[in-house]
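# Structural overview
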Amino acid sequence: MANVAAAPRRARAEFLADLISAGLLIPSGVDGAYGRGGTFEAVRAAVDAFVTRRSLNVRPERMAFPPVLPRRQLERIGYLSSFPHLAGTIFSFEGDEAEAAELERRVGAGEDWGGLQRQTDLVLVPAACYPVYPAVAARGPLPVGGLTVDLGGSYVFRNEPSCDPARWQMFHQREMIRLGAPDEVAGWRDAWAQRAVEIVGELGLEAAVDVATDPFFGRSGRLLARSQRSQSLKLELAVWISGDEPTAVASFNYHREHFSSVFDLREAGGEQAHTACVGFGLERVALALFSRHGLDPARWPADVTALLLP
Ligand code: ZN
């Protein structure tokens, strides 16, 4: 495999400008919210399909969910304690005609109209796996041997506007979930971390897996991060995309009994199940490929396009 150091290292602003002028990304005017051109989408879909071809999963169950979640589920999971700064909550208008007229006036005057909105029962999905746990728990105990769920590429939202071309507010996670016995779930998570290094390595990307932490909020969040790190609950696969630091393009999360205690997920024999999830940031893998091999896939190394775009 070619050494990543041989690739030209771009600053983040320069790489973003190049992606836009090549028509790969379409700016919206808000940092981290991008449209994508056809070439970018073809590469993103090809990465998704390549992960499927290299998958370790045995007879996964396919599920798909919209990018919204009942607000009550986000509350039960504890997301608003750990990540209040990242959540996206859906508000809408439920007023009368007088309030509608006031809304229109404020919009026309460029005033804040948020006070005329009410919170709905829906939030944006911040992690693609969240809808899976209550859905599986509602069926009763897991089957013998546990369960693997494959969600395909699913939209998630994080409130983190940034001019880093790899940090998007809404993007696709290719997410897979394992539910079952503790040893088996932890082993699946670790095997996927190794497989992911091989997957991106085949595509010419030099990557490393390391212990990581989630961006927990505030002072109590620092304690959560320390505990997460000391138990190696979160691993990340990092690849250089632009700027000075590598960027995480996939994560491998062992939740232990966190979700099963919230939703009462049980193994076939009645024991409390453990869960883990694996998520590839599809846009980030695509960006890493454009960064490494150039902005025109027609000029990428033949062995990479043969694997990715056969
Ligand atoms: Zn997940």
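Residues numbered from 1 in each chain as written. Predicted model: local features only at pLDDT ≥ 70, side-chain atom pairs only at ≥ 80, totals over all residues. Heavy atoms only, no water.

### As for the overall build of the chain
A tally of helices and strands in the chain yields eleven helices and twelve strands. Radius of gyration (C-alpha) of the chain: 21 Å, near the 19 Å computed for a compact globule of 310 residues. In terms of overall dimensions, the chain has C-alpha extents of about 65 × 55 × 40 Å along its principal axes. Considering only residue pairs separated by 6 or more positions, the chain has 70% of its internal contacts joining residues 24 or more positions apart. Of the charged side chains in the chain, 32 are positive and 38 negative, and the gap between their average positions amounts to 4 Å. (Helix = DSSP H or I, 4+ residues; strand = E, 2+ residues; numbered from the N terminus. Rg over C-alpha atoms; globule rule 2.2 N^0.38 Å. Contact = heavy atoms within 4.5 Å. Lys, Arg positive; Asp, Glu negative; His and termini not counted. Charge placed at Lys NZ, Arg CZ, Asp CG, Glu CD.)

### Focus on the coordination of the zinc ion
As a benchmark, a tetrahedral metal site with four donors has ideal angles of 109.5 degrees, while an octahedral site with six donors has ideal angles of 90 or 180 degrees. Every protein donor of the zinc ion is accounted for by Cys129 (SG), Glu175 (OE) and Cys277 (SG), and the metal-donor separations fall at 1.9 to 2.3 Å. The sequence pattern describing where the donors of the zinc ion fall on their chain is C-x45-E-x101-C. With a gap of 148 residues between them, Cys129 in the loop between strand S6 (118–124) and helix H6 (132–137) and Cys277 in strand S12 (residues 274–281) connect regions that are remote in the sequence. (Donors = N, O, S within 2.8 Å, 3.2 Å for Na, K, Ca; no water.)

### Topic: the side chain of Ser242
With respect to the secondary-structure elements, Ser242 resides in the loop between strand S10 (234–239) and strand S11 (247–256). On the basis of relative accessible area, Ser242 is assigned to the buried category, the value being 1%. With residues near it in sequence (within four places) discarded, Ser242 still touches Arg10, Ala11, Arg12, Phe15 and Pro165. (Buried < 20%, exposed > 50% of the residue type's maximum accessible area, 1.4 Å probe, protein only.)

### Let's talk about the sheet that holds S12
One open sheet accounts for seven strands, arranged S3-S7-S8-S12-S11-S10-S9; its pairing is mixed. The strands lining the two open edges of the sheet, one partner per strand, are strand S3 (61–62) and strand S9 (207–211). Here S9 pairs with S10 via five bridges, running antiparallel. Looking across to S10, one finds that Ala208 is bridged to Ala238. Of the strands in this sheet, strand S7 (147–157), strand S8 (170–180) and S12 are in contact with helix H2 (residues 38–53), which crosses S8 at around 15 degrees. (Pairing = 2+ DSSP bridges. Axes fitted to C-alpha atoms, helices over the stretch in contact; angles between N-to-C directions.)

### Remarks on the pattern of salt bridges
Going through the model one piece at a time under the given rule, you end up with 22 salt bridges. Across the salt bridge formed by Arg105 and Glu111, the nearest N and O atoms sit 3.0 Å from each other. Of the residues examined, Glu111 reaches a relative accessible area of 36% and is grouped as partly exposed. The partner of Arg167 in a salt bridge is Glu160, with the nearest N and O atoms 3.2 Å apart. (Salt bridge = Lys/Arg side-chain N within 4 Å of Asp/Glu carboxyl O.)

### Some thoughts on helix H5 (residues 97–109)
The end-to-end C-alpha separation of H5 is 18 Å, in line with the 18 Å expected for 13 residues at 1.5 Å each. Looking one or two residues beyond H5, the residue adopting positive phi is Gly110, at roughly 70 degrees. (Expected span 1.5 Å × (residues − 1).)

### Notes on helix H1 (residues 12–21)
Each α-helix turn comprises 3.6 residues. Residues three or four places apart therefore point the same way. Along H1, the residues classified as buried are Phe15, Leu16 and Leu19. Across the axial projection of H1, the buried residues extend over an arc of 100 degrees, all falling on one side. The exposed residues of H1 that point more than 90 degrees off its buried face are Ala13 and Ser21. Looking at the packing, one finds that the buried side of H1 touches strand S1 (25–27), strand S2 (34–36) and helix H10 (282–293). Phi for Gly23, located one or two positions after H1, is positive at around 80 degrees. (Arc of directions from axis to C-beta.)

### A word on the sheet that holds S6
Strand order in the open sheet formed by three strands is S4-S6-S5, and the pairing between neighbours is antiparallel. Every other strand in the sheet has two partners, leaving strand S4 (68–70) and strand S5 (89–92) as the edge strands with one partner each. For this sheet, the mean angle separating the axes of adjacent strands, direction not counted, is 50 degrees. For S5 and S6, the ladder comprises three bridges, and the chain directions are antiparallel. Within S6, the position partnered with Ser92 by the bridge is Arg118.

### What about the environment of His255?
You can see His255 is positioned in strand S11. Taking the C-alpha atoms as reference points, His255 and Arg178, separated by 77 residues in sequence, lie 10 Å from one another. Setting aside its immediate chain neighbours within four residues, His255 contacts Tyr133, Thr275, Ala276 and Cys277. At 2.8 Å, the side chain of His255 forms a polar contact with the side chain of Thr275. (Polar contact = N/O pair within 3.5 Å; in protein donor to acceptor, adjacent residues only side chain to side chain.)

### Some words on the nonpolar core
Formed by 82 residues in total, the largest nonpolar core has its most connected members in Tyr130, Tyr133 and Phe280. The greatest single-element share of this core, amounting to eight residues, is contributed by helix H7 (residues 182–202). Beyond its immediate chain neighbours, meaning those up to four positions away, Phe280 contacts Val51, His172, Gln173, Arg174, Met176, Trp192, Ala196, Ile199, Val249 and Ala250. (Core = buried A, V, L, I, M, F, W, Y, C linked by side-chain atoms within 4.5 Å.)

### What to know about the side chain of Asn57
Within the secondary structure, Asn57 sits in the loop between H2 and S3. In terms of polar contacts, Asn57 uses its side chain to reach the side chain of Trp188, at 3.0 Å. Reaching out from Asn57, the side chain makes a polar contact with the side chain of Trp192 at a distance of 3.0 Å. Sequence-distant contacts of Asn57, defined by excluding residues within four places in its chain, comprise Thr148, Asp150, Met176, Trp188 and Trp192.

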